[in-house]
Amino acid sequence: MSHAICFNLLGAMTAHQGDRQIRLGPAKQQCVLAALLIDANRVIPLDALLDRVWHENLPPTGRAVLYSYVARLRRLLPSAGQGAEEADAPAIVRSSGGYMARVYPSQVDLHRFRSLVVSARACASDAVAAGARYRAALALWRGEPLLGLTGPWVEAVRESLAAERTAVLMECHAAELRAGRHVVLLPELENVAKSRPYDEVSLRNLMTALHRSGRSAEAVARYDRTRRLLSEELGIDPSTATQELYQELLRATDTHGLDGPGGTASREPAVRPRPVTRPRPITRPAQLPPLCRAFTGRDQELGFLDAVLTGSPYEFGQSGTVLLEGMAGIGKTTLALQWSHRARDRFPDGQLYVDLHGGDPRRPPLSPAAALQRCLRQLGIPVSLIQGDVDEVSALWRSVVADQRLLLVLDDAVSADQVEPLLPGGRGCATLITSRGRLDRLTVRHDVHPLTVPSLPPDKATELLAALVGPARTDAEPEAAALLAEACGGLPYAFQVLALRLQRRPQEPLSAMVAQLDQTSPLDLLRTGTSGSTSVRALLDTSFRALPSMARRAFPSLGMLSAAPFRAEEFAAYADCTPAEAREILSALAEEHLLDDSGSHQYTANLLVRCYAVERGRHADTSSPTWPGRAA
């Protein structure tokens, strides 16, 4: 690919082919290209692209201007690419209501940078090789990213990339210290520590390098100076990791003198450690609720949890956290507990379970303060030490579990605000969160891995029904069993309710209940008791109430749609709204997992959701539509 076009984003935005520079046009046109290259080989919806380039300043002719910029860029790239192999030539393509930059990752400096970082992390056990790859990645930076471009999106990207570079630089320093390059590193570590006076990672790297260079007295003085700065300006103490490194240096100076191992003892008096009062856990909780008696069809999801939560120890200081999200009754909690029980031996310091009551209509959501107090008490921390506001108690919580191999299950979360104070910072902790909604802020801010739990496929649905009511009944009437499984919409909770009804009528054939389906909605069968509190309908009630008002008003229109995928324009016709309003409504429904969003601007609604939508529309429609029937 010697003649391939390459793009630079890590500095002033440029493009070149060999030694020849390619003129990319005015700033807004460059911004269009940058918006596509940042997410290379992924479709950027047209509205998102307009927002990235203009945000709130979109001109009336914004779409036309965007189309002209794309046309100019398309003309630029092929002309610049003359003589290149066709397979290497980048292109801007239209797809699924948006645009995509089709390009090799190696042709964009940002993606080369990230590839080199991944490569460095993969060889972390070889500190010399890892350090070299980190340095090769950092060498790609030529200054401030996207220099010369402006706008809210550009500023956000610039800030995010700067944080990414800093994190990589810290990893590079750690690798080079492991490789014994402390003397060479010292000037650079000094400069970084000076520019980041509150950054304890850079402080610890500098303290380590000073100590290994025979300058332990300076390392101790650096710690004391930073401790005073944090206390006076931020009102906090250094982190546990920093305090423990300080203690290690002091122990080393007691043995070797303040000039470190092999050095000449200083005449300075040793600085004595400030007492560390971090409370330690004194109990090992085992709080996981009991398992469901029937479980099937989640092998892929269990494999994902294994990979994220119990992979090799978290080399880069990140705790493993997964968010299981999905429709009410889809089996998020059951999946979380199945995995947790299987993996409990990997967390010898205990397993904490907290029900956050996010979807419980009988109780308000548990506050972060109450959840933190509960967790700390379960670890044996005296109530007298659990003082202060939520931020202070959250800091105490992170200190207590910093060195623990602990599993934390946060069940039924309602918002990111409820969860954020509970996230442990220790890299040995694993956190498993379940929520009906999409808590995107957790993914963006805290490297949380989201996993949408899908409906059970038909074969696994029938298998679950057999496990719940006994294979003898389902084998005797396989067709009836398949129809009942279909009526449950792949929702494990629905199977549990149906199984309870069938168990109470052990002599009744399955076909008798199938016959009832021809007369009524599945929601009337998927309930127990006279109050209906144990029912699929009650679950859907809570999700419906969580919707914004516009989505609640338009929700009954789902009952008019078939099981086939549909687009926003089709929904708009039934809901009597504009396509733009329809997209907003459908987005709200998808966030509550009352719809499946395939990512190609097509949506599908679960059978039970469509039945529920029909019921919601009956108050406004005297024709009383029937429930969406079974597929022919």
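Relevant structure appears above.
Residues numbered from 1 in each chain as written. Predicted model: local features only at pLDDT ≥ 70, side-chain atom pairs only at ≥ 80, totals over all residues. Heavy atoms only, no water.

Undergrad: Help me get a handle on the overall build of the chain, residues and values and all.
TA: Secondary structure assignment for the chain yields 27 helices and 15 strands. Across the 632 residues that make up the chain, the buried fraction comes to 49%. Long-range contacts, defined here as pairs at least 24 residues apart, represent 67% of the contacts in the chain between residues at least 6 apart. Carbon together with sulfur atoms contributes 51% to the accessible area of the chain, which is approximately 29,900 Å² in total. (Helix = DSSP H or I, 4+ residues; strand = E, 2+ residues; numbered from the N terminus. Buried < 20%, exposed > 50% of the residue type's maximum accessible area, 1.4 Å probe, protein only. Contact = heavy atoms within 4.5 Å. Areas by Shrake-Rupley, 256 points an atom, 1.4 Å probe, with all protein chains shown as cover.)

Undergrad: Go over empty space enclosed by the protein with me, naming the residues and quoting the values.
TA: Taken as a whole and judged by the stated rule, the model has 1 cavity of 30 Å³ or more. As a volume, the largest cavity reaches approximately 40 Å³. Lining the largest cavity, in full, are Phe 7, Leu 33, Leu 37, Leu 77, Pro 90, Ala 91, Ile 92, Ala 101, Arg 102 and Val 103. Within the residue set of the lining of the largest cavity, elements represented by two or more residues are α1 (27–38), β5 (91–95) and β6 (98–102). For the lining of the largest cavity, the class distribution of residues is 9 nonpolar, no polar and 1 charged. (1 Å grid on protein atoms, 1.4 Å probe; cavity = no way out; pocket = protein on both sides within 12 Å on 5 of 7 lines; lining within 4 Å. Points joined across faces, edges and corners; volume = space filled by probe spheres on them. Nonpolar A, V, L, I, M, F, W, Y, C, P; charged D, E, K, R; others polar.)

Undergrad: Outline the pattern of salt bridges, listing residues and values.
TA: As enumerated under the stated definition, the model contains 27 salt bridges in all. Residue Arg 222 pairs with Glu 190 through a salt bridge whose shortest N-O separation is 2.3 Å. Of this pair, Arg 222 sits in helix α9 (residues 216–234) while Glu 190 sits in helix α7 (residues 182–195), and the two are 32 residues apart along the sequence. Taking the shortest distance from any N to any O, the salt bridge between Asp 306 and Arg 346 comes out at 3.8 Å. Taken as a pair, Asp 306 in helix α11 (residues 299–309) and Arg 346 in the loop between α12 (332–343) and β8 (351–355) lie far apart in primary sequence, 40 residues in all. One salt-bridge network, held together by shared partners, links Arg 135, Glu 176, Arg 181 and Glu 188. (Salt bridge = Lys/Arg side-chain N within 4 Å of Asp/Glu carboxyl O.)

Undergrad: Just give me the short version of the layout of surface pockets, but keep the residues and values in it.
TA: Computed from the structure, the second largest pocket encloses a volume of approximately 1,200 Å³. What lines the second largest pocket is a set of 43 residues, among which Gly 329, Thr 333, Arg 436, Tyr 493 and Leu 539 lie closest to the centre. Broken down by secondary-structure element, the contributors of at least two residues to the lining of the second largest pocket are α12, β8, β9 (407–413), α20 (492–503), β13 (534–535) and α23 (536–545).

Undergrad: Help me get a handle on unusual backbone geometry, residues and values and all.
TA: The phi dihedral of Leu 146 is positive, around 55°, even though this residue is not glycine. Along the polypeptide, Leu 146 turns up in the loop between α5 (127–138) and α6 (152–178). Here the phi dihedral of Asp 412 falls at roughly 65°; this positive angle occurs in a residue that is not glycine. Summarising the element assignment, Asp 412 is placed in strand β9.

Undergrad: An account of the sheet that holds strand β10 (residues 430–435) is requested, with residue identities and associated values reported.
TA: Two pairing modes exist for strands in a sheet, parallel and antiparallel, and in both the strands are linked by backbone hydrogen bonds. Read across the sheet, 5 strands follow the order β8-β9-β10-β7-β11 without closing on themselves; strand pairing throughout is parallel. The open sheet is flanked by β8 and β11 (449–452), the only strands paired with a single partner. Adjacent strand axes in the sheet meet at a mean angle of 15° when their direction is disregarded. Pairing of β8 with β9, which is carried by 5 bridges, proceeds in the parallel orientation. Bridged to Leu 352 within β9 is Leu 408. In this fold α11 packs onto β7 (320–325), β10 and β11, with an angle of close to 155° to the strand it touches most, β7. (Pairing = 2+ DSSP bridges. Axes fitted to C-alpha atoms, helices over the stretch in contact; angles between N-to-C directions.)

Undergrad: I'd like to hear about the nonpolar core, residue by residue, with values.
TA: If you look at the biggest cluster of nonpolar residues, it comprises 79 residues, and the most contacted ones within it are Leu 324, Trp 339, Phe 555, Leu 558, Phe 571 and Leu 589. Excluding residues that lie within four positions of it along the chain, Trp 339 makes contacts with Leu 302, Leu 305, Asp 306, Leu 309, Thr 310, Phe 347, Leu 407 and Leu 432. (Core = buried A, V, L, I, M, F, W, Y, C linked by side-chain atoms within 4.5 Å.)

Undergrad: I'd like a description of the environment of Val 128, backed by residues and values.
TA: With respect to the helices and strands, the residue Val 128 is situated in helix α5. Judged by its relative accessible area of 58%, Val 128 falls in the exposed class. Note: C-alpha distance between Val 128 and Leu 177 (49 residues apart in sequence) is 9.5 Å.

Undergrad: Tell me about helix α21 (residues 510–517), residues and numbers included.
TA: Turning to α21, its buried residues are Leu 510, Met 513, Val 514 and Leu 517. Looking down the long axis of α21, one finds its buried residues gathered within 105° of arc, a one-sided arrangement. The inward-facing, buried residues of α21 abut α18 (471–476), α19 (478–487), α20 and α22 (522–525). (Arc of directions from axis to C-beta.)

Undergrad: Can you break down the environment of Ser 68 residue by residue, with the values?
TA: Within the fold, Ser 68 resides in helix α3 (residues 62–80). Counting along the chain gives 39 residues from Ser 68 to Gln 29, while the straight-line C-alpha distance between them is 9.1 Å.

Undergrad: Describe the sheet that holds strand β2 (residues 14–17), naming the residues involved and giving the relevant values.
TA: One open sheet holds the 3 strands; their spatial order is β1-β2-β3, and the pairing between them is antiparallel. With partners counted over all chains shown, the strands left at the sheet margins are β1 (5–8) and β3 (20–22), one partner each. Recorded for the sheet is a direction-independent mean angle of 30° between the axes of neighbouring strands. The pairing of β2 with β3 spans 3 bridges and is antiparallel. Counted as the bridge partner of Gln 17 is Arg 20 from β3.

Undergrad: Just give me the short version of the packing of helix α4 (residues 109–122) against α6, but keep the residues and values in it.
TA: Two elements in contact, α4 and α6, have axes whose closest approach is 12 Å; the angle formed by their N-to-C orientations is 30°. The pairing of α4 with α6 is recorded here as roughly parallel in orientation. Note that α4 runs across α6; the crossing there is left-handed. Across the interface between the two elements, Leu 110, Phe 113, Arg 114, Val 117 and Arg 121 of α4 pack against Leu 161, Glu 164, Arg 165, Val 168 and Glu 171 of α6. (Parallel < 35°, antiparallel > 145°, perpendicular 65-115°, else oblique. Left-handed = near helix turned anticlockwise from the far one by under 90°.)

Undergrad: Describe the packing of aromatic side chains, with residues and values.
TA: Taken as a whole and judged by the stated rule, the model has 9 aromatic pairs. The positively charged end of Arg 94 is found above the aromatic ring belonging to Tyr 99, 5.0 Å away from the centroid. For Arg 165, the ring lying beneath its charged end belongs to Trp 141, and the centroid distance is 5.8 Å. (Phe/Tyr/Trp six-rings, centres within 6.5 Å; stacked < 30°, edge-to-face > 60°. Lys NZ or Arg CZ within 6 Å of the ring centre and 35° of its normal.)

Undergrad: Account for the side chain of Ser 394, with residues named and values stated.
TA: By secondary structure assignment, the location of Ser 394 is in helix α14 (residues 390–400). We classify Ser 394 as buried; its relative accessible area is 3%. Beyond its immediate sequence surroundings of up to four residues, Ser 394 is in contact with Leu 372 and Pro 421.

Undergrad: How would you explain the environment of Tyr 246 if you had to name every residue and give the values?
TA: Tracing the chain through its elements places Tyr 246 in helix α10 (residues 240–256). C-alpha separation for the pair Tyr 246 and Arg 222, spaced 24 residues apart in sequence, amounts to 9.9 Å.

Undergrad: Please set out helix α25 (residues 568–575) residue by residue, giving values where relevant.
TA: The complete set of buried residues in α25 reads Ala 568, Phe 571, Ala 572 and Ala 575. Projected onto a plane normal to the axis of α25, the buried residues spread over an arc of 105° and lie on a single side. Asp 576 sits one or two positions beyond α25 and adopts a positive phi of about 55°.

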